[in-house]
Amino acid sequence: MQATDPDIRWVEPPKLGLGERMYLPLFLQGLTTTTKHLVSAKVTVSYPDQEPEINNPLIYRGVHRLNRDEQGRVKCVACFLCATACPAHCIDILGVESPWEDREKYPESFTIDELRCIFCGMCEQACPVDAIELTSLYNLTGRSREEMIFDKEKLLSVYDATKDKEPMKSAQLPPVTTPSATTSTATSTSPTEGGA
Amino acid sequence: MLEPLIKIAVLLGGLMTAAAYFVLLERWIAAWVQDRLGPNRVGVPLTRIRLFGLGQPMADGGKFILKEEYTPAHVDKRLFLLAPISILAAALAVFAVIPFGSVLPASVYTLFGQDAATVALTEGPVPLVVAPGVDVGLLYVFALSSIAVYGVIVGGWASNNKYSFLGGLRSSAQLISYELPLGLAILSVVLASGSLNLDEIVHHQADSGVWFIFTQPLGFVVFVIAAFAEAARLPFDLPECEQELIGGYHTEYTGMKLLLFLVAEFLHMITAAFLIVLLFLGGWHIWGLAGPDEQVTWVGAVGRLIVLHLKVTGVIVFFMVVRWSWPRFRFDQLMALAWKVMLPLGMINLVAVAIFEELSLALQSQLGGWTLAISLLGSWLVCLAAWFGVAYATPMIGDNRVRKDIHTYEVDPQI
Ligand code: SF4
Ligand code: SF4
């Protein structure tokens, strides 16, 4: 490329005033900035000693949980939308016919491989009934690979453990009142959450 | 015979400890400026006591000692070994003439004055410098700081590596260029105090009560900038800039040899801080602590010691904060600064100091106390005028882009 090429954009350096050319104002500016930071509050969180503060649990993407409905049953309707949306293919659902009248299917088994999961939150976005959610539990550890494959009980227990601290996200959104939702809860008579 | 040996032991131990802790301080300040906490975990070994991380230097030292001492096959073995040794030896030897305090009283009982029964341990007060009364002290410091350049160049050359070699070349150009303004600034101090002996320079400032920073502001600025460059600290750390030269002259070094280089670097910074304090900031002097050496009490001596070391630490902290305040100079800017700005400023300062010294000698009898005020005012005016002149002339600002009008070569479009 030639220097005369019309595609070259020649940028003029900013003109410096006398104050800037004296260098002293810039000198002081730089020094004030660093000195301010030198004495300002530090942002480091000394993690094992000090728990990090999660500003907004609503948008934090930690360990999953499977939500329960008012009767304590798993909310999931085994629609497979989350498994389809999951880019890491780590959700494995076995949907069977539901023992309850308000829905056709429910997951007999529901496993998430937390080691494969990339915590992208797509499952949460895909779910039509807000059954799967990502909590703000960030310190996920395990001693074996098997331990990191979360089954339905474990995911429900995550809900039990976190529901007080983090209410269901849909509960914090403006309520959507559809006639089917009210009738379904009213007519359901089946036992709550039929075990594994 | 024993006295210098004790002093050498104290100085060596103190310097090594100081260098280790200044590394910690450097890391702390780096962290604090970046809003981090910095090393705060290592305390007493094998316990859970953390002590704000004060054990870190020990851990760092242990790490360096235990690291593999690897000598690459392509290096010049003898020079490779010689470089770190020579640089550290030169950096340590400088401290032979640098007073690390004022004096200690001759008697153990002189706590507040001479009135108590005196049991003299030595004849006269003990000067706190390894080689007291060296009348070419400043020249010696200069000579040895030039030897340090050889350590860098030899290290870069022996490494047989392009980056190291470039680092060595850069440092030779940089250090030699900045020795001139450094020398000019020192020369004006020597002119004003009439001695090359560091102790006497401090005494001159202490006796008159006016530090040279007040009478030679321009010299101070020149000296500090040149000292930054001599110590190869940011914004003048071109010999070893990590981003461009991956460490420069010490790229190939590992283990203890690298440690020697790094310690020498910190010693250079300490030397520079000591020189700034001794030459321009009055050394151990603070108003109220003056007085002849013979009448120093223990309280006064310890006070002087503390004042000197506080000043030095303050200057070093300034060095470290500056590191995070300004970006590194480009090499041509560095050279332009040395030759087009620092050198003329140094000369102006030297001439101004000479004129004011001569004038105050001539006018002392007529004006009395006013001479000091007039020379102070005059030197600050000279400083301001020179500063404005530099800003107006802007020798640093040049357009180094391709000239469109005379540009002829064409790059092969295939490339
Ligand atoms: S967070 Fe992303 S990767 Fe993890 S299970 Fe949900 S969709 Fe899959
Ligand atoms: S968790 Fe939600 S998206 Fe996934 S299968 Fe159950 S109802 Fe469908």
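Residues numbered from 1 in each chain as written. Chains lettered and ligands numbered in written order. Predicted model: local features only at pLDDT ≥ 70, side-chain atom pairs only at ≥ 80, totals over all residues. Heavy atoms only, no water.

As for the confidence of the model for chain A
Residues and elements named next belong to chain A. Summary statistics for chain A give a mean pLDDT of 81 and a share of 84% for residues scoring 70 or more. Put simply, helix H7 (residues 179-187) is where chain A has its lowest mean pLDDT, 46, and helix H3 (residues 81-85) is where it has its highest, 92. Low pLDDT, under 50, characterises residues 181-196; the stretch is placed with 28 contacts to residues that sit more than four places away or in other chains. (pLDDT = per-residue confidence, 0-100. Helix = DSSP H or I, 4+ residues; strand = E, 2+ residues; numbered from the N terminus. Contact = heavy atoms within 4.5 Å.)

What to know about the interface of chain B and chain A
The interface of chain B with chain A comprises 26 residues on the first partner and 29 residues on the second. Buried surface at the junction of chain B and chain A, summed over both partners, amounts to about 2600 Å²; 65% is from carbon and sulfur atoms. Run the count over chain B and chain A and you get two salt bridges. Between A:Asp49 and B:Arg50 there is a salt bridge whose closest N-O contact spans 3.1 Å. (Buried area = accessible area lost by both parts, 1.4 Å probe. Salt bridge = Lys/Arg side-chain N within 4 Å of Asp/Glu carboxyl O.)

Examining the pattern of salt bridges
Should their charged atoms come close, side chains of opposite charge can pair. Residue and element names in this part refer to chain A. According to the stated counting rule, one finds 13 salt bridges over all chains in the structure shown. A salt bridge links Arg-73 to Asp-69; the shortest N-O distance between them is 3.0 Å. Across the pair, Asp-69 and Arg-73 agree in class, each one buried. Salt bridges linked by common partners bring Asp-69, Arg-73, Asp-102 and Arg-103 together as one network. (Buried < 20%, exposed > 50% of the residue type's maximum accessible area, 1.4 Å probe, protein only.)

A short note on the packing of helix H5 (residues 162-193) of chain B against helix H8 (residues 217-230) of chain B
Residue and element names in this part refer to chain B. The contact between H5 and H8 brings their axes to 8 Å, and the two run at 150°. Between H5 and H8, the interaxial angle falls into the category roughly antiparallel. As H5 runs across H8, the sense of the crossing is left-handed. Side by side, H5 and H8 meet where Gln-174, Leu-175, Tyr-178, Glu-179, Pro-181, Leu-182, Ala-185 and Ile-186 of the first sit next to Gly-219, Val-222, Phe-223, Ala-226, Ala-227, Ala-229 and Glu-230 of the second. Grouping the amino acids of the contact of H5 with H8 by side-chain chemistry returns 11 nonpolar, two polar and two charged. (Axes fitted to C-alpha atoms, helices over the stretch in contact; angles between N-to-C directions. Parallel < 35°, antiparallel > 145°, perpendicular 65-115°, else oblique. Left-handed = near helix turned anticlockwise from the far one by under 90°. Nonpolar A, V, L, I, M, F, W, Y, C, P; charged D, E, K, R; others polar.)

Notes on the environment of A:Glu133
Residue and element names in this part refer to chain A. For Glu-133, the position within the fold is in strand S4 (residues 132-134). Separated by 11 residues in sequence, Glu-133 and Met-122 have C-alpha atoms that sit 9.8 Å apart. Here Asn-67 takes part through its side chain, which lies 3.2 Å from a polar atom of the side chain of Glu-133. (Polar contact = N/O pair within 3.5 Å; in protein donor to acceptor, adjacent residues only side chain to side chain.)

Some remarks on the sheet that holds strand S3 (residues 105-113) of chain A
Residue and element names in this part refer to chain A. Taken in spatial order, the three strands line up as S2-S3-S5 in an open sheet, and their pairing is antiparallel. Single-partner strands in this sheet number two, and they are strand S2 (91-97) and strand S5 (149-150). Where S3 and S5 come together, two bridges link them in antiparallel fashion. Bridge assignment links Ile-112 to a residue of S5, and that residue is Phe-150. (Pairing = 2+ DSSP bridges.)

Digging into a nonpolar patch on the surface
Taken together, the side chains of A:Leu18, B:Leu377, B:Leu381, B:Leu384, B:Phe388 and B:Tyr392 define a hydrophobic patch exposed on the protein surface, amounting to about 650 Å² of accessible area. When residues in the nonpolar patch are grouped by element, the largest group, five residues, is from helix H13 (residues 370-393) of chain B. One can find B:Leu384 in helix H13. Note on B:Leu384: relative accessible area 45%, which makes it partly exposed. (Patch = residues over 30% accessible without salt bridge, like charges linked within 9 Å, V, L, I, M, F, W, Y side chains within 5 Å. Areas by Shrake-Rupley, 256 points an atom, 1.4 Å probe, with all protein chains shown as cover.)

A word on the site of ligand 2
The local shell around ligand 2 holds 13 residues, among which A:Cys76, A:Cys79, A:Phe80, A:Cys82 and A:Cys127 are the closest. When the residues that make up the shell around ligand 2 are grouped by side-chain class, the tally is 13 nonpolar, no polar and no charged. (Near = heavy atom within 4 Å.)

Notes on the domain arrangement of chain B
All names here are of chain B. Each assigned domain of chain B is listed here: domain 1 (1-66) and domain 2 (74-393). Between domain 1 and domain 2, the contact holds 20 residues from the first and 26 residues from the second. In this assembly, domain 1 packs against domain 2 so that about 2100 Å² is buried in total across both faces, 84% of it on carbon and sulfur atoms. At the boundary of domain 1 with domain 2, the tally comes to two salt bridges. Here Arg-233 and Glu-26 are joined by a salt bridge, their closest N and O atoms 2.8 Å apart. Scanning the region where domain 1 abuts domain 2 turns up two residue pairs in polar contact (both at pLDDT 80 or more). Elements that contribute at least two residues to the side of domain 1 that touches domain 2 include exactly helix H1 (2-33) and helix H2 (56-66). Considering every element that reaches the side of domain 1 that touches domain 2, the biggest residue donor is H1, with 17 residues. (Domains from an automatic or database assignment.)

Comments concerning the nonpolar core
A general tendency of soluble globular proteins is for nonpolar side chains to be buried together. Residue and element names in this part refer to chain B. One finds Tyr-178, Leu-198, Phe-223, Ile-276 and Leu-279 to be the most contacted residues of the largest nonpolar core, which totals 101 residues. The element contributing the most residues to this core is helix H10 (residues 255-280), with 18 residues. There are two domains that each give this core at least three residues, and those are domain 1 (1-66) and domain 2 (74-393). Beyond its immediate chain neighbours, meaning those up to four positions away, Leu-279 contacts Leu-138, Ile-186, Val-189, Leu-198, Ile-201, Gln-205, Phe-212 and Phe-223. (Core = buried A, V, L, I, M, F, W, Y, C linked by side-chain atoms within 4.5 Å.)

A few points about the packing of aromatic side chains
Taken as a whole and assessed by the stated rule, the structure comprises 15 aromatic pairs over all chains. With a centroid separation of 5.2 Å and an interplanar angle of 5°, the aromatic rings of B:Phe236 and B:Phe329 are classed as stacked. Placement of B:Phe236 in the loop between H8 and helix H9 (242-245) and of B:Phe329 in the loop between helix H11 (298-323) and helix H12 (331-367) is noted, with a sequence separation of 93 residues between them. In this structure, B:Phe236 and B:Phe329 share a single accessibility class: buried. Each member of the aromatic cluster is reached from another via a ring pair, and the members are B:Phe80, B:Tyr253 and B:Phe261. Over the aromatic face of A:Trp100 sits the side chain of A:Arg73, whose NZ or CZ is 4.8 Å from the ring centroid. The aromatic ring of B:Phe64 is capped on one face by B:Lys63, whose charged end is 5.1 Å from the ring centroid. (Phe/Tyr/Trp six-rings, centres within 6.5 Å; stacked < 30°, edge-to-face > 60°. Lys NZ or Arg CZ within 6 Å of the ring centre and 35° of its normal.)

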